[in-house]
Amino acid sequence: MIPIKEAKSIVEKHLFEVEKEQVLLKNAGDRILAQDVVASFPSPRFDNSAMDGFAVRSVDTIGASNDSPVTLNMVGVSSAGTPSNVSIKEGECIQCMTGAKIPNGADAIVMVEDSSGFSEANVVQIMIEASPGKHIRKEAEEIKKGKVLIPAGTRITPGEVGTCATFGYSTLTVFKRPKVAIFGTGDELIEPGNELKPGEIYNSNLYVFSELVEYTGAEVVRQGIIKDNKDSLRSFLSEALDTCEVVISSGGVSMGRYDYVRDVFMELGVEDHFWKVAQKPGKPLFFGTMDSTLIFGLPGNPVSSYIGFMEWIWPVLTSMMGQKKTKKLTGILKKPFPREKIKSRFIFGEAWIENGQLVCQSSTKVGSHMLTSSLKANCILGTEHGDGPLQPGEKITINILPWKTIK
Ligand code: AMP
Ligand code: MG
C-alpha cells in the first residue's frame, strides 16, 4: 500500500496529451480548445452608436432642453452595415442607428427619444445636451487586436462559441476525445431492465463511468460487463488495450477468489505501477500501463468506483486534453468527519456558503456500497489520515463535483 501522493506522482509520469483536430465551429460545443483564440481585430472594430439617434457635434447641443431645443440640419443617414461618408460640420447632424459607424466630425449620439424624431425633413430639434462620447462605443474598448480571448484548455460553452463567431473563426483546433474503454466484472451483475435472480444485482458502475467520461469530454468507445472468468476478460481487454488511450475497470481487483482482473492485465503484458493505495474507500486501486495506454482498476463497490474515478481518472482525462488541474477548496466542517489511522478518507458531502464562509458536512451514509450518498452531494470531502475524527470548526478539503454548484 502506498500513500496517495506517491501514487499520484507515478500516474503523472505517464500522462500525455492526446492529438488535436480541426472541427467546424458549429460542432465545437463541449470540446476542449487546443489553440489560443486570439482577437483577430479590435472590438469594436470602429466607433459606433449604442443607440438609435442622431450623430452630433456635442458643442452644437450646448443649452438644448425640452423648453429650448436646438435645431440641427440633417445631412445623411448612417445605418448598421451602410455607413455614411458625409462629414458633419457645425450645426449639422446625421441619423445614426445602433451599431452604425459614427460619421466623421461627430463626437456624440443623441437618442431619438430626446429629439423631434426621425423624418424625411432636413432639420431636427434636439432636446438634450450631449456630452462628448455620449452613447458611442469606442473602437477597441472591449478588446485590443491580438489579445488572447480564450486560452487553450478551455471547454467550449455557448459564450466561447459566440465569441469565436464574433471574431470570425469558422473552425477551431480542439483536442481529440481520448478513447476510453470501461468494463465491469462480476457474475452477479445484471443490466437494468432484466429481472434479478437471487444473489444478483444491477450493474450501476458502468452507467456512472459512462456519464463521467462524457462529462470530461472524452469518449467511451468500448464497454462491457464481463463474467468472472479469465477468457472473457482476456478477449475484452486485448481489444480495449489495442484501441484505447485509457482503460478503466470496476470490480475484480480486490483479494477475492474471483478477482482476476489484475492477473489478466499482467498476462497481457500490462506493466504494474501500483496496486493498493492508502485511501478509503477504494484501497485496491490498480494502475498500470501498456505502451502509452493507461489502465486503472477500481474496486467494484459503487462509492469506491465513483469517488475513485473523480479523484484519479477525472484529473487524468482532463489533463490529456490540456486542462489545468482545478484547485481543491478548503471548507469548515459543520459535523464530525471520520478519519482513518493510516488511510486518507473520502466521503460524498454538501458544501454551502454560510455567513460568507464555505462550510460543509459529509453524508451520513458512509458505506462504500451506499451510492445514494451521492444524491444530495455537490462535492467529495477528503482528509489525510489522523487520530480520531475531524471536529466541527476544523478545515477539510472539498472537491466540488464540476457539474454541481455551491448552494
Ligand atoms: P469487487 O470489487 O468485484 O469485489 O466488488 C465489490 C462490490 O461491488 C460487490 O458487492 C459487487 O457486487 C459490487 N459491484 C461490482 N461491480 C459492480 C457494478 N458494475 N455495479 C454495481 N455494483 C458492483
Ligand atoms: Mg467482483
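Structure first, text after, so check above.
My aim in this report is to walk through the structure given alongside it, one point at a time. (Residues numbered from 1 in each chain as written. Chains lettered and ligands numbered in written order. Predicted model: local features only at pLDDT ≥ 70, side-chain atom pairs only at ≥ 80, totals over all residues. Heavy atoms only, no water.)

**Considering the overall build of the protein**
Moving on, step 1. Secondary structure assignment for the protein yields 6 helices and 25 strands.
Moving on, step 2. Computed over its C-alpha atoms, the radius of gyration of the protein comes to 31 Å, more than 25% above the 22 Å expected for a compact globule of 407 residues.
Moving on, step 3. Seen through its C-alpha atoms, the protein measures out along the principal axes to roughly 95 × 50 × 45 Å.
Moving on, step 4. Going through the 407 residues of the protein one by one, you find that 46% of them count as buried.
Moving on, step 5. A sequence separation of at least 24 residues applies to 72% of the contacts in the protein between residues at least 6 apart.
Moving on, step 6. Put simply, the protein has 45 plus and 48 minus side-chain charges, and the middle of one group is 6 Å from the middle of the other. (Helix = DSSP H or I, 4+ residues; strand = E, 2+ residues; numbered from the N terminus. Rg over C-alpha atoms; globule rule 2.2 N^0.38 Å. Buried < 20%, exposed > 50% of the residue type's maximum accessible area, 1.4 Å probe, protein only. Contact = heavy atoms within 4.5 Å. Lys, Arg positive; Asp, Glu negative; His and termini not counted. Charge placed at Lys NZ, Arg CZ, Asp CG, Glu CD.)

**Some thoughts on the packing of aromatic side chains**
Moving on, step 1. Under the defined criterion, the tally for this structure stands at 11 aromatic pairs.
Moving on, step 2. Relative to F348, the ring of Y306 has its centre 4.8 Å away and its plane inclined at 65 degrees; by these criteria the two rings are edge-to-face. Taken as a pair, Y306 in helix α6 (residues 302-320) and F348 in strand β22 (residues 344-354) lie far apart in primary sequence, 42 residues in all. Both residues of the pair, Y306 and F348, count as buried.
Moving on, step 3. Summarising the aromatic geometry, the rings of W314 and W403 are spaced 5.8 Å apart at their centres and angled 45 degrees between planes, so their arrangement reads as tilted. Highlighted residues: W314 in helix α6 and W403 in the segment after β25 (395-400), separated in sequence by 89 residues. (Phe/Tyr/Trp six-rings, centres within 6.5 Å; stacked < 30°, edge-to-face > 60°.)

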